[in-house]
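# Architecture and fold: a report
Here's the letter readout for the chains.
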Amino acid sequence: MADFQPDLAEEARLRLGATLAEQRAANKHWQAMVLPQTSSGRGPQPRSRGALARYRSVLGPPESVSARTVGDLECEALLWPVPLWPDLRFEVLAGPDGAVWNEWLVRAPGAPGPVLQGPEDLRPWSATVDEVARAFAPVRPMEGTAPTRWRLSFTAAGQPCVAEFTHGLLQRVSVGHPPGPSAAAPGPDTA
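These remarks concern the structure in this document. (Residues numbered from 1 in each chain as written. Predicted model: local features only at pLDDT ≥ 70, side-chain atom pairs only at ≥ 80, totals over all residues. Heavy atoms only, no water.)

Take the packing of aromatic side chains next. Aromatic ring pairs are reported here in terms of the distance separating the ring centres and the angle at which the planes meet. Going through the model one piece at a time under the given rule, you end up with four aromatic pairs. For the ring pair Tyr55 and Phe90, a centre distance of 5.9 Å and an interplane angle of 35° mean the geometry is tilted. You can see Tyr55 sitting in helix 3 (residues 51–59) and its partner Phe90 sitting in strand 3 (residues 88–94), a full 35 residues away along the chain. In this structure Phe90 comes out as buried when scored by relative accessible area, which is 9%. Taking the centre distance of 5.1 Å and the plane angle of 85° together, the rings of Trp85 and Trp125 count as edge-to-face. Pair noted here: Trp85 is in the loop between strand 2 (73–81) and strand 3 and Trp125 is in the loop between strand 4 (100–107) and helix 4 (129–135), with a separation of 40 residues, a long-range link. Owing to a relative accessible area of 16%, Trp85 belongs among the buried residues under this scheme. (Phe/Tyr/Trp six-rings, centres within 6.5 Å; stacked < 30°, edge-to-face > 60°. Helix = DSSP H or I, 4+ residues; strand = E, 2+ residues; numbered from the N terminus. Buried < 20%, exposed > 50% of the residue type's maximum accessible area, 1.4 Å probe, protein only.)

This is how it looks when you write it as structure tokens:
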């Protein structure tokens, strides 16, 4: 998220009482967990544990687990608290075989979401993909610039907008004309 909002990421690090070295170590640990391992350029290496088991090993037991239907498919929705954002949860959707279908930040059950009426209400880190999609329906999903990034195109207050998200959390909004595919900052996500 520091690719989009370096000042907010720095404020968050200080609020959590983490040193820069601790932030880098945590990011390195997270990236090692979620990205395929390579060895001498031979491509992705098999892992001994499934993706869902890796999340449990890093995040601990989920706060809640519930059944969810997505289209015709049944899955589990697992939620973990996020110390930086008490009103959000890290959600992992997993198939019956433990394969992870999606992971991102969502609003915690029962937590009030933001009031979103126009582009001026779309501030960085204030809303999730689902909240923006509901507030400005209909929206058009667009390809993100990385696996953990999403974009939505919509009209708000009569203006075309494109909202960009990292890990499901709003990072920025372009108003007036949609940005091209290279609009998001390049590079790996860092929290």
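As paired elements, strand 7 (residues 159–166) and strand 8 (residues 169–175) share six bridges and run antiparallel to each other. Opposite Phe165, over in strand 8, you have Leu170 as the bridge partner. Where strand 7 folds back on strand 8, the antiparallel hairpin that results is connected by two residues, among which His167 adopts a positive phi of roughly 50°. (Pairing = 2+ DSSP bridges.)

Once that is clear, we can look at a nonpolar patch on the surface. A contiguous nonpolar surface patch, about 270 Å² in accessible area, is contributed by Val70, Leu73 and Trp101. Its relative accessible area of 38% is what places Val70 among the partly exposed residues. (Patch = residues over 30% accessible without salt bridge, like charges linked within 9 Å, V, L, I, M, F, W, Y side chains within 5 Å. Areas by Shrake-Rupley, 256 points an atom, 1.4 Å probe, with all protein chains shown as cover. Salt bridge = Lys/Arg side-chain N within 4 Å of Asp/Glu carboxyl O.)

Below, the discussion takes up the side chain of Ser153. Its location among the elements puts Ser153 in strand 6 (residues 149–156). Setting aside anything within four residues of it in sequence, one finds Ser153 in contact with Pro138, Val139, Arg140, Met142, Cys161 and Val162. (Contact = heavy atoms within 4.5 Å.)

The residue Gln171 is located in strand 8 in this model. Placed 167 residues apart in sequence, Gln171 and Phe4 show a C-alpha to C-alpha distance of 6.2 Å. Side-chain polar atoms of Gln171 contact the side chain of Trp125, separated by 3.1 Å. At 3.1 Å, the side chain of Gln171 and the backbone oxygen of Leu169 are in polar contact. (Polar contact = N/O pair within 3.5 Å; in protein donor to acceptor, adjacent residues only side chain to side chain.)

A separate point is the environment of Thr155. Relative to the elements of secondary structure, Thr155 occurs in strand 6. Of the residues examined, Thr155 reaches a relative accessible area of 52% and is grouped as exposed. Measuring from C-alpha to C-alpha, the distance between Thr155 and Val175 comes to 9.1 Å, with 20 residues separating the pair along the chain.

In this section: the sheet that holds strand 2. Pairing between the strands of a sheet is mediated by backbone hydrogen bonds and can be parallel or antiparallel. The strand order across the open sheet formed by four strands is 1-2-3-4, and the pairing between neighbours is antiparallel. Two strands bound the open sheet, and with one partner strand each, they are strand 1 (64–70) and strand 4. Here the strands of the sheet are splayed against their neighbours by 25° on average, with no regard to which way each runs. Relative to strand 4, strand 3 is paired through seven bridges, and the arrangement is antiparallel. (Axes fitted to C-alpha atoms, helices over the stretch in contact; angles between N-to-C directions.)

Turning our eyes to something else, we now look at the pattern of salt bridges. Counted by the stated rule, this structure contains five salt bridges. Of the charged contacts in the structure, one is a salt bridge between Arg107 and Glu131, with a shortest N-O distance of 2.6 Å. Of this pair, Arg107 sits in strand 4 while Glu131 sits in helix 4, and the two are 24 residues apart along the sequence. Glu131 gets classed as buried once you look at its relative accessible area, which sits at 7%. For Arg134, the salt bridge identified is with Asp130, shortest N-O distance 2.2 Å.

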